[in-house]
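# Chain and residue survey
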Amino acid sequence: MVLREEGYPEDAEVTLLFVDESEIASYNGRFLDRDGATDVLAFPVEELLPGVVPDHDPVGPPLLLGDVVIAPAYVRRQADQLGVSFEDEMALMVTHGILHLLGYDHTEDDEAERMESRERTLLAKVGRVRR
């Protein structure tokens, strides 16, 4: 749904990888030079701009966007701490990770506002809420 709503072709591909906390901590340290586990990581194939779909040959190979890595145990604990359902928090993590692959970021306040607004809109389409 996220890819469709962002205008990506039906054959666009994203890998969702669900791992334990030690594995996501390993990825976090190895690729982002950060310590410890986290909820979600995104590894795009190429740097994209939000709202700009790259050119794609519809008869060529699928458009590969990247990998989203999620630690469900971390997400469950985070949902409990925030007082939201695990399902809402997991939907947010999947949406958040995919938006990162599509070029969204939250480093600067204006970027964060744009990304969070897009998350709210997308999650509402499937009956989920963003905390």
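What comes next concerns the included structure. (Residues numbered from 1 in each chain as written. Predicted model: local features only at pLDDT ≥ 70, side-chain atom pairs only at ≥ 80, totals over all residues. Heavy atoms only, no water.)

### Some words on helix α2 (residues 21–32)
One full turn of an α-helix is made of 3.6 residues, so residues set three or four places apart face in the same direction. For clarity, the threshold we go by: Strands are runs of DSSP state E lasting at least 2 residues, helices are runs of H or I lasting at least 4, and numbering of each runs from the N terminus. Helix span, as expected, comes to 1.5 Å for every residue beyond the first. Relative accessibility thresholds used throughout: buried, under 20% of the residue-type maximum; exposed, over 50%; partly exposed, between the two (1.4 Å probe, protein chains only). When we speak of the arc, we mean the arc of directions from the helix axis to the C-beta atoms.
Across its 12 residues, α2 extends 15 Å between first and last C-alpha, which sits within 8% of the 16 Å expected from 1.5 Å per residue. Residues of α2 that are buried include every one of Ile-24, Tyr-27 and Asn-28, and no others. Buried residues in α2, looked at end-on, bunch into an arc of 100°, giving them a common side. Facing away from the buried surface of α2 by more than 90 degrees, the exposed residues are Ser-22 and Arg-30.

### What to know about the packing of aromatic side chains
Our working definition: Working definition: a ring pair exists when centres of Phe, Tyr or Trp rings (six-membered ring for Trp) sit within 6.5 Å. Plane angles under 30 degrees give stacked, over 60 give edge-to-face, the rest tilted.
Counted according to the given criterion, the structure contains 3 aromatic pairs. Seen from their ring centres, Tyr-27 and Phe-43 are 6.5 Å apart, and the 75° between their planes marks the pair as edge-to-face. In this pair, Tyr-27 is assigned in helix α2 and Phe-43 in strand β2 (residues 40–44), connecting sequence segments 16 residues apart. On the basis of relative accessible area, Tyr-27 is assigned to the buried category, the value being 15%. Consider the rings of Phe-31 and Phe-43, whose centres lie 5.3 Å apart with planes at 70°: the pair is edge-to-face. Taken together, the residues span a long stretch of sequence, with Phe-31 in helix α2 and Phe-43 in strand β2 at a distance of 12 residues. Grouped by ring-pair contacts, the aromatic residues Tyr-27, Phe-31 and Phe-43 constitute a single cluster.

### A closer look at the pattern of salt bridges
The following threshold applies: One speaks of a salt bridge when a side-chain nitrogen belonging to Lys or Arg is within 4 Å of a carboxyl oxygen belonging to Asp or Glu.
Throughout the structure, instances matching the rule amount to 4 salt bridges. The partner of Glu-5 in a salt bridge is Lys-125, and the shortest N-O contact between them spans 3.7 Å. Here the residue Glu-5 occupies a position in helix α1 (residues 2–5), and Lys-125 occupies one in helix α5 (residues 109–125), the gap between them amounting to 120 residues. Look at Glu-5 and you get partly exposed, because its relative accessible area is 33%. On the basis of relative accessibility, which here comes to 49%, the residue Lys-125 falls in the partly exposed class.

### Comments concerning the environment of Arg-77
Let me state the cut-off plainly: The term polar contact refers here to a pair of N or O atoms within 3.5 Å; inside protein, the definition further demands a hydrogen-donor-capable atom paired with an acceptor-capable atom, and it admits residues adjacent in sequence only when both atoms are side-chain atoms.
Relative to the helices and strands, Arg-77 is located in helix α3 (residues 72–82). The exposure class of Arg-77 is partly exposed, given its relative accessible area of 37%. Put simply, Arg-77 and Pro-62 are 15 residues apart on the chain and 35 Å apart in space, counted from C-alpha to C-alpha. A polar side-chain atom of Arg-77 sits 2.6 Å from a polar atom in the side chain of Glu-21.

### Section: the environment of Ile-70
Threshold: Any pair of residues with heavy atoms lying within 4.5 Å of one another is described as a contacting pair.
Considering the arrangement of structural elements, one finds Ile-70 in strand β3 (residues 64–70). When the C-alpha atoms of Ile-70 and Phe-86 are compared, they prove to be 13 Å apart, with 16 residues separating the residues in sequence. Setting aside anything within four residues of it in sequence, one finds Ile-70 in contact with Leu-17, Phe-18, Val-19, Ile-24, Asp-39, Val-40, Val-75, Met-90, Met-93 and Val-94.

### Things to note about the nonpolar core
Burial of nonpolar side chains together is a common tendency in soluble globular proteins. As a reminder, the rule being used: The set of buried Ala, Val, Leu, Ile, Met, Phe, Trp, Tyr and Cys residues whose side-chain atoms join them within 4.5 Å is what this entry labels a nonpolar core.
Core analysis: the biggest nonpolar cluster contains 24 residues, and Leu-3, Tyr-8, Leu-65, Ile-70, Ile-98 and Leu-102 have the highest contact counts within it. In terms of residue count, the dominant contributor to this core is helix α4 (residues 86–101) (8 residues). In this structure, Ile-98 is in contact with Val-2, Leu-3, Val-14 and Val-68, ignoring residues within four places of it in sequence. Membership of the second largest hydrophobic core comes to 6 residues, among which are Val-19, Ile-24, Val-69 and Ala-71.

Geometric descriptors of this kind do not, in isolation, establish any biological role.
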